[in-house]
Amino acid sequence: MSTPVIGVLALQGDVREHLIALAAADAVARPVRRPEELAEVDALVLPGGESTTISKLAVLFGLMEPLRARVREGMPVYGTCAGLILLADKILDPRSGQETIGGIDMIVRRNAFGRQNESFEAAVDVKGVEGAPVEGVFIRAPWVESVGAAAEVLAEHDGHIVAVRQGAVLATSFHPELTGDHRMHGLFVDMVRANRTP
């Protein structure tokens, strides 16, 4: 099978790290800033960063509606930290003007694990990831308050949901792209391969 082409939404956030991690997980990785670039990829990563800024820039660049349409059509998407917030159907405490793309039936709380100076790393057991726990980097991280029946919880930390999957959509509160461990990206690349029609 040909190598999947996976975009990284390159409006704000840790884009470069995701491009490197996807390439290490045997995907062709490309930055996506415009609707025509979105149309050329098999799947998309929504990076960490500032969810309000990313959502406003997506609207400004004419990407919000095309993103929502592709997710509705079944394009695989992986969101980390701010990306998880963007994939939520509902935010508990949205900032003014903040929109989401949606795709996972979940309610999220922004900055739930604390401010920047309360960032931390923790070992996280993720369902579907073989071997040792994943090293999770939590930076002003959200958590998932609750999920609907269609969403599957893949991991928890301290009693809070930090990884969720619904169909071809994956989201984590933490940043696996900052650790050098590419298994989460490998899981997503496998999802993309499984999603492609032969």
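Placed above this text is the structure.
> Just give me the short version of the overall build of the chain, but keep the residues and values in it.
Summing up its helical and strand segments, the chain has six helices and 12 strands in all. Here the chain has a C-alpha radius of gyration of 15 Å; the compact-globule value for 198 residues is 16 Å, and the two agree. For the chain, the spread of C-alpha atoms along the three principal axes comes to 40 × 40 × 35 Å. Counting every position in the chain, which comprises 198 residues, the buried fraction comes to 53%. Long-range contacts, defined here as pairs at least 24 residues apart, represent 66% of the contacts in the chain between residues at least 6 apart. For the chain, the accessible surface area stands at approximately 8,600 Å², while carbon and sulfur atoms represent 49% of it. Separation of charge centres in the chain, based on 19 positive and 26 negative side chains, amounts to 5 Å.

> Account for the packing of aromatic side chains, naming residues and giving values.
Within the structure shown, the criterion is met by six aromatic pairs. Between Y78 and F188 the ring centres are 5.7 Å apart and the planes differ by 45°, which places this aromatic pair in the tilted class. Here F188 lies in helix 6 (residues 183-195) and Y78 lies in strand 4 (residues 77-80), a separation of 110 residues in the sequence. Between F113 and W143, the ring centres sit 5.0 Å apart and the planes meet at 85°, which makes this aromatic pair edge-to-face. Highlighted residues: F113 in the loop between strand 6 (104-109) and strand 7 (120-124) and W143 in strand 9 (residues 143-147), separated in sequence by 30 residues. Each member of the pair F113 and W143 is classed as buried. The structure contains a cluster of three or more aromatic residues connected by ring pairs, namely F113, F120, F138, W143 and F174.

> Run through the pairing of strand 8 (residues 134-138), naming residues and quoting values.
Burial within strand 8 is extensive, with four of its five residues counted as buried. In this structure, strand 7 lies alongside strand 8, joined through five bridges in antiparallel fashion. Following the sheet pairing, A122 is matched in strand 8 by G136.

> An account of unusual backbone geometry is requested, with residue identities and associated values reported.
Residues other than glycine seldom take positive phi values, yet D26 does so here, at roughly 70°. A residue is classified by how much of its surface remains accessible, and D26, at 52% relative accessible area, is exposed. Of note in this structure, N111 is not a glycine but carries a positive phi near 50°. When you line up the elements, N111 lands in the loop between strand 6 and strand 7.

> Any chance you could break down the pattern of salt bridges for me, citing the residues and the numbers?
Think of it this way: side chains of opposite charge can pair up when their charged atoms draw near. Tallied over the full model, the rule gives eight salt bridges. R68 serves as the salt-bridge partner of E99, at 2.8 Å between the closest nitrogen and oxygen. Here R68 lies in helix 4 (residues 64-72) and E99 lies in the loop between strand 5 (88-91) and strand 6, a separation of 31 residues in the sequence. Relative accessible area serves as the criterion here: at 15%, R68 is assigned to the buried category. In this structure, the salt-bridge partner of R109 is E145, at a minimum N-O distance of 2.7 Å. Placement of R109 in strand 6 and of E145 in strand 9 is noted, with a sequence separation of 36 residues between them. Note on R109: relative accessible area 30%, which makes it partly exposed. In this structure, a network of salt bridges that share partners links the residues R34, E36 and E37.

> Mind laying out helix 4, listing which residues take part and the relevant values?
Every buried residue belonging to helix 4 is among M64, L67, R68, R70 and V71, and all of these are buried. Each buried residue of helix 4 lies within a common arc of 165° when the element is viewed along its axis, so the set occupies one face. For helix 4, the elements touching its buried residues are strand 1 (5-9), helix 2 (35-38), strand 3 (43-46), helix 3 (51-60), strand 4 and strand 12 (169-172). Residue G74 follows helix 4 closely and has a positive phi angle near 105°.

What counts as what
Residues numbered from 1 in each chain as written. Predicted model: local features only at pLDDT ≥ 70, side-chain atom pairs only at ≥ 80, totals over all residues. Heavy atoms only, no water. Helix = DSSP H or I, 4+ residues; strand = E, 2+ residues; numbered from the N terminus. Rg over C-alpha atoms; globule rule 2.2 N^0.38 Å. Buried < 20%, exposed > 50% of the residue type's maximum accessible area, 1.4 Å probe, protein only. Contact = heavy atoms within 4.5 Å. Areas by Shrake-Rupley, 256 points an atom, 1.4 Å probe, with all protein chains shown as cover. Lys, Arg positive; Asp, Glu negative; His and termini not counted. Charge placed at Lys NZ, Arg CZ, Asp CG, Glu CD. Phe/Tyr/Trp six-rings, centres within 6.5 Å; stacked < 30°, edge-to-face > 60°. Pairing = 2+ DSSP bridges. Salt bridge = Lys/Arg side-chain N within 4 Å of Asp/Glu carboxyl O. Arc of directions from axis to C-beta.

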